[in-house]
Amino acid sequence: MKNATLQKFITHGNQEEGSLIAYEQATGVPFTIQRVYTVFCAQENEERGNHAHRILHQLIFSMRGEIVVHCENQWGEKESFVLNHPEVGLYLGPYVWRTLVYEKDAMIMVLASEPYMESDYIRDYDTFIQERKQVNENSL
Ligand code: TYD
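Worth saying up front: this structure is predicted, and the values here are computed from it rather than measured.

Engineer: Sorry, what's going on with the pairing of strand 7 (residues 67–72) here?
Structural biologist: Here is the key point about a regular strand: its side chains alternate between the two faces of the sheet. By the bridge criterion, six bridges tie strand 7 to strand 8 (residues 78–83) in an arrangement that is antiparallel. By the bridge assignment, histidine 70 is partnered in strand 8 with serine 80. Taken together, strand 7 and the strand that follows it, strand 8, pair antiparallel across an intervening segment of five residues, in which glycine 76 is found at a positive phi of about 85°. Sheet topology note: the strand 7/strand 10 (residues 97–102) ladder contains six bridges and is antiparallel. Bridging from a neighbouring strand, valine 69 pairs with leucine 100 of strand 10.

Here it is, written out as structure tokens:
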């Protein structure tokens, strides 16, 4: 769905010799990377996220284990994505409310288009609904 899509990257090598994946604009990252962060040591079915961003673009990868990402975009569409391999990233654009459910010991890596800015977060769901209404009206 719009602003929440899976994107596949090329894996070099194989299981015997080891594998390598490069993440950069030339291989498909659709923004300039300004920040990389990781989340790990999650408990079984740990739920994180529960927020949206106003301007941030991100690509989320599972580096270990499986993560389910439940998304709702600016237009009210909902879709869930399963991430379980470093070659498939979930691109998330602005105004996507996301909830990440981690299996035990899962680990993600996130590429982000902006430095960390708390003011870019919408952490309250009702505020998200209000703000997206405003954004949608303004873009008419
Ligand atoms: P948060 O984005 O809420 O994590 P999650 O979506 O996994 O629940 O961030 C958790 C804490 O870490 C919060 O206090 C902000 C801080 N943080 C940074 O300092 N820099 C960062 O780049 C990120 C992503 C978070």
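Engineer: Before we go on, may I ask you to explain unusual backbone geometry in this structure?
Structural biologist: Across residues other than glycine, the phi torsion is negative in most instances, and most of the peptide bonds are trans. One non-glycine residue with positive phi stands out, namely asparagine 45, at about 60°. Relative to the elements of secondary structure, asparagine 45 occurs in the loop between strand 4 (35–39) and strand 5 (46–53).

Engineer: Would you explain the site of the ligand in this entry?
Structural biologist: Residues in close proximity to the ligand include Arg35, Tyr37, Arg48, Gly49, His51, Tyr116, Tyr121 and Arg123, which together make up its full environment. Contacts to the ligand include arginine 48, whose side-chain N or O atom sits 2.8 Å from an oxygen atom. Within the complex, 61% of the 530 Å² of free accessible area of the ligand lies under protein. Taken together, the elements giving at least two residues each to the shell around the ligand come down to strand 4 and strand 5.

Engineer: Just checking my understanding: could you explain the environment of isoleucine 67 for this structure?
Structural biologist: With respect to the helices and strands, isoleucine 67 occurs in strand 7. Look past the residues within four positions of isoleucine 67 in its chain and what remains in contact with it is Ser62, Phe81, Val82, Leu83, Leu100, Val101, Tyr102, Ala106, Met107 and Ile108.

Engineer: Please explain the sheet that holds strand 12 (residues 121–122) as it appears in this structure.
Structural biologist: The pairing of strands in a sheet comes from backbone hydrogen bonds and takes either a parallel or an antiparallel form. The five strands are arranged 8-7-10-5-12 in an open sheet whose pairing can be described as antiparallel. The open sheet is flanked by strand 8 and strand 12, the only strands paired with a single partner. Set on the sheet, helix 1 (residues 125–138) makes contact with strand 5, strand 7, strand 10 and strand 12; between it and strand 7 the angle comes to about 45°.

Engineer: Looking at this structure, I do not really get the pattern of salt bridges. What am I missing?
Structural biologist: Per the counting criterion, the structure on display carries five salt bridges. With its nearest N and O atoms 3.8 Å apart, the salt bridge here joins lysine 8 to glutamate 87. Of the two residues, lysine 8 sits in strand 1 (residues 4–8) while glutamate 87 sits in the loop between strand 8 and strand 9 (88–92), which places them 79 residues apart along the sequence. Relative accessible area serves as the criterion here: at 61%, lysine 8 is assigned to the exposed category. For glutamate 87, a relative accessible area of 19% translates into the label buried. Note that arginine 123 and glutamate 118 form a salt bridge whose closest N and O atoms lie 2.7 Å from each other. Accessibility expressed as a relative area gives 37% for glutamate 118, which makes it partly exposed.

Reading guide: rules and limits
Residues numbered from 1 in each chain as written. Predicted model: local features only at pLDDT ≥ 70, side-chain atom pairs only at ≥ 80, totals over all residues. Heavy atoms only, no water. Pairing = 2+ DSSP bridges. Helix = DSSP H or I, 4+ residues; strand = E, 2+ residues; numbered from the N terminus. Near = heavy atom within 4 Å. Polar contact = N/O pair within 3.5 Å; in protein donor to acceptor, adjacent residues only side chain to side chain. Areas by Shrake-Rupley, 256 points an atom, 1.4 Å probe, with all protein chains shown as cover. Contact = heavy atoms within 4.5 Å. Axes fitted to C-alpha atoms, helices over the stretch in contact; angles between N-to-C directions. Salt bridge = Lys/Arg side-chain N within 4 Å of Asp/Glu carboxyl O. Buried < 20%, exposed > 50% of the residue type's maximum accessible area, 1.4 Å probe, protein only.

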